[in-house]
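Structural overview for review
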Amino acid sequence: MSLVEIRNLTKVFPLGESMFGARAQGEVRAVDDVSLDIHAGETLGLVGESGSGKSTLGRLVLRLIEPTSGSVRFEGRDLLAAGHGEMRRLRRDMQIIFQDPFGSLDPRMNVEDIISEPLVIHEAMSLAVRHARVLELLGAVGLDPSVLLRFPHEFSGGQRQRIGIARALALRPKFIVADEPVSALDVSVGAQIVNLLAQLQREFGLTYLFISHSMPVVRYLATRIAVMYRGRLVEVGDTRQITEQPQHPYTRSLVEATPEIAV
Ligand SMILES: Nc1ncnc2c1ncn2[C@@H]1O[C@H](COP(=O)(O)OP(=O)(O)O)[C@@H](O)[C@H]1O
Ligand SMILES: [Mg+2]
């Protein structure tokens, strides 16, 4: 079953000011007529070089930005037709994890506040129940309760990413867009985070859109792979099919550049 149905999704950005101060002409078709289904329970890897439109697609799918045209359905509901109230309810089910957890965690908030913020906004619960939920989330991402009163700058990149993941999980979402979640981390730390994501998927029945410029990381985690090139989706298929019999020349170049062992 498709949890997310993306149809003819297009996002055009005006070019605006150029680097040289002159008013640049034209526009960027960051995402260009993309249609794609994301199946319940799968990890769909979205791979492509920097600037190919992966993050823009990820944001469009969560309606963090509005498309130029096209549609997105989540559990059959038209996301772009949803009003404020319905969107607010839908947001609980759809979360995002960013590449740079430092940039996305408020430096003035301690870990308890960071993880409980979505609960404060979306759920009426007593302090005690909320605290218990935060402890449960910490455990799920492999962090010790002693971190609760500490601040983001006190943590390593991998630990910060765990905090970001705990926060993303707070409302028990069904669907998570992970946008280059390990790209800023050392390989060994990144591998731990990838394994954590896989474990959490099993535990909570999550569906992932896992974005990465790295084919080795994507092929390790993904059940299917979608390949983007200059805003367009050039190939979609099972991980095995994509890595063993890539059809598109760009996919072939990605696969050929991939060392055998990754994570
Ligand atoms: N807010 C924006 N305004 C203008 N151009 C943008 C904006 N966001 C992304 N782009 C452009 O859209 C294209 C795709 O960017 P992005 O989705 O970030 O690619 P990726 O995540 O694959 O690196 C790039 O050319 C980028 O410069
Ligand atoms: Mg990106």
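Use the structure listed above.
Residues numbered from 1 in each chain as written. Chains lettered and ligands numbered in written order. Predicted model: local features only at pLDDT ≥ 70, side-chain atom pairs only at ≥ 80, totals over all residues.

**Things to note about the pairing of strand 7 (residues 175-179)**
- When you tally the buried positions in strand 7, you get 5 out of 5 residues, the bulk of the element.
- Alternating residues of strand 7 divide into Phe175, Val177 and Asp179 and Ile176 and Ala178, and every residue in both groups is buried.
- Relative to strand 7, strand 6 (residues 94-97) is paired through 4 bridges, and the arrangement is parallel. Following the sheet pairing, Met94 is matched in strand 7 by Phe175.
- Looking at chain direction, strand 7 and strand 8 (residues 207-212) are connected through 5 bridges and run parallel. Paired with Phe175 across the two strands is Thr207, which belongs to strand 8.
- Assessed by its sense of winding, the connection that carries the chain from strand 7 through helix 7 (residues 187-204) to strand 8 is right-handed. (Buried ≥ 20, exposed ≤ 12 C-beta atoms within 10 Å, placed from the backbone. Helix = DSSP H or I, 4+ residues; strand = E, 2+ residues; numbered from the N terminus. Pairing = 2+ DSSP bridges. Right-handed = clockwise from strand over helix to strand, strands pointing away.)

**Description of the site of ligand 1**
- Every residue close to ligand 1 is listed here: Phe13, Val28, Ala30, Gly48, Ser50, Gly51, Ser52, Gly53, Lys54, Ser55 and Thr56.
- Mapped onto the shell around ligand 1, the elements with two or more residues apiece are strand 2 (27-39) and helix 1 (54-61). (Near = placed C-beta within 6 Å.)

**A short note on the environment of Pro145**
- Turning to its location among the elements, Pro145 is positioned in the loop between helix 5 (127-140) and helix 6 (157-169).
- Put simply, Pro145 and Leu200 are 55 residues apart on the chain and 19 Å apart in space, counted from C-alpha to C-alpha.
- With near-sequence residues (within four places) excluded, Pro145 lies in contact with Leu135 and Leu138. (Contact = placed C-beta atoms within 7 Å.)

**Some thoughts on the sheet that holds strand 1 (residues 2-14)**
- Here 4 strands make up an open sheet; going across it, the order is 2-1-4-5 and the pairing antiparallel. Each having just a single partner strand, strand 2 and strand 5 (77-78) make up the two edges of the open sheet.
- Two elements, strand 1 and strand 4 (residues 69-74), share 5 bridges in a ladder whose sense is antiparallel. Within strand 4, the position partnered with Val4 by the bridge is Phe74.

**Some points on the packing of helix 4 (residues 111-122) against helix 5**
- Close contact between helix 4 and helix 5 brings their axes to 10 Å; oriented N to C, the two are set at 115 degrees. In the packing of helix 4 onto helix 5, the handedness of the crossing is right-handed. Contacts between helix 4 and helix 5 involve Glu112, Ile115, Ser116 and Leu119 from the first element and Arg130, Arg133, Val134 and Leu137 from the second.
- For the contact of helix 4 with helix 5, the residue count by class is 4 nonpolar, 1 polar and 3 charged. (Axes fitted to C-alpha atoms, helices over the stretch in contact; angles between N-to-C directions. Left-handed = near helix turned anticlockwise from the far one by under 90°. Nonpolar A, V, L, I, M, F, W, Y, C, P; charged D, E, K, R; others polar.)

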